[in-house]
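Listed below, chain by chain, are the residues.
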Amino acid sequence: MAVLKSLTFTTLPTTGGNPVLDRRTKVIARLEEQKLILKDPNYTRTVRNWVKKDGERLMVEKQQRVPLWWRQHPNGSYALFVRSGLKPIEFEKGKAAIAVPSLDKLPSVIDTLITAVRNGELDEMLAPTKQTAPKSKAA
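As the structure is a prediction and not an experimental result, all values here were calculated from the model.

Chemist: Where do I start with the packing of aromatic side chains in this structure?
Modeler: Any aromatic ring pair is given by two values, namely how distant the centres are and how the planes are angled relative to each other. Evaluated as defined, the whole model comprises zero aromatic pairs. Lying over the aromatic face of W50, R57 brings its terminal NZ or CZ to 4.8 Å of the ring centre.

Below you can see the structure in the form of structure tokens.
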């Protein structure tokens, strides 16, 4: 017992994740994928799932297409947007895209966005919006 008295005991911390850091990490990973698409237009994401087959669990790898986060304007410039969930985030009221003059400037704009996400500048925009369930009509 004398050995245990030399130790300092403490409570066990909870294993809850930080949702803000989780969102940042996810957006940064998706922006990095956009840079990979610029280098290789045939890039696909590899997704692993567990599947039960004949009573046994097997890990299956599947290739998943990565959607582009930019579109070309008729004048030849590009509009880059960032998705959070299924919808593009709005940087300013009514403005959900960043103007990029040419495709070769896109990687530097993506790097700027990654830096902004790491610094927490987009946390407010990435925060999930509360969606209320539609009220059911009483019959």
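Chemist: Quick question: what am I supposed to make of the side chain of R45 here?
Modeler: Mapped onto the fold, R45 is located in strand β1 (residues 44-53). For R45, a relative accessible area of 15% corresponds to the buried category. Within the local environment of R45, its side chain forms a polar contact with the side chain of E33, the two groups lying 2.8 Å apart. Apart from the residues within four sequence positions on either side, R45 is in contact with R30, E33, K62, Q63, Q64 and V66.

Chemist: I tried to follow helix α2 (residues 19-39) on my own but got confused; where do I start?
Modeler: Count 3.6 residues to each turn of an α-helix, and residues three or four apart come out pointing the same way. Taking 1.5 Å per residue as the helical rise, α2 with its 21 residues ought to reach 30 Å, and the 31 Å between its terminal C-alpha atoms agrees with that figure. Those residues of α2 that fall on the buried side of the exposure criterion are R24, V27, I28, L31, E33, Q34, K35 and I37. Elements in contact with the buried residues of α2: β1, β3 (70-72), α3 (106-118) and α4 (123-126). Structurally, the start of α2 carries an N-cap: the backbone nitrogen of V20 is 3.1 Å from a side-chain oxygen of N18.

Chemist: How should I be thinking about the pattern of salt bridges in this particular structure?
Modeler: Side-chain pairing between opposite charges can occur once the charged atoms of the two side chains come close. Enumeration according to the criterion identifies seven salt bridges in this entry. Residue R45 pairs with E33 through a salt bridge whose shortest N-O separation is 2.8 Å. In this pair, R45 sits in strand β1 while E33 sits in helix α2, placing the two residues twelve residues apart along the sequence. The salt bridge involving E61 is made with R48; its shortest N-O contact spans 3.0 Å. In this pair, E61 is assigned in strand β2 (residues 56-65) and R48 in strand β1, connecting sequence segments 13 residues apart. What you see here is one network of salt bridges that share partners, running through R30, E33 and R45.

Parameters and conventions
Residues numbered from 1 in each chain as written. Predicted model: local features only at pLDDT ≥ 70, side-chain atom pairs only at ≥ 80, totals over all residues. Heavy atoms only, no water. Phe/Tyr/Trp six-rings, centres within 6.5 Å; stacked < 30°, edge-to-face > 60°. Lys NZ or Arg CZ within 6 Å of the ring centre and 35° of its normal. Helix = DSSP H or I, 4+ residues; strand = E, 2+ residues; numbered from the N terminus. Buried < 20%, exposed > 50% of the residue type's maximum accessible area, 1.4 Å probe, protein only. Polar contact = N/O pair within 3.5 Å; in protein donor to acceptor, adjacent residues only side chain to side chain. Contact = heavy atoms within 4.5 Å. Expected span 1.5 Å × (residues − 1). Salt bridge = Lys/Arg side-chain N within 4 Å of Asp/Glu carboxyl O.

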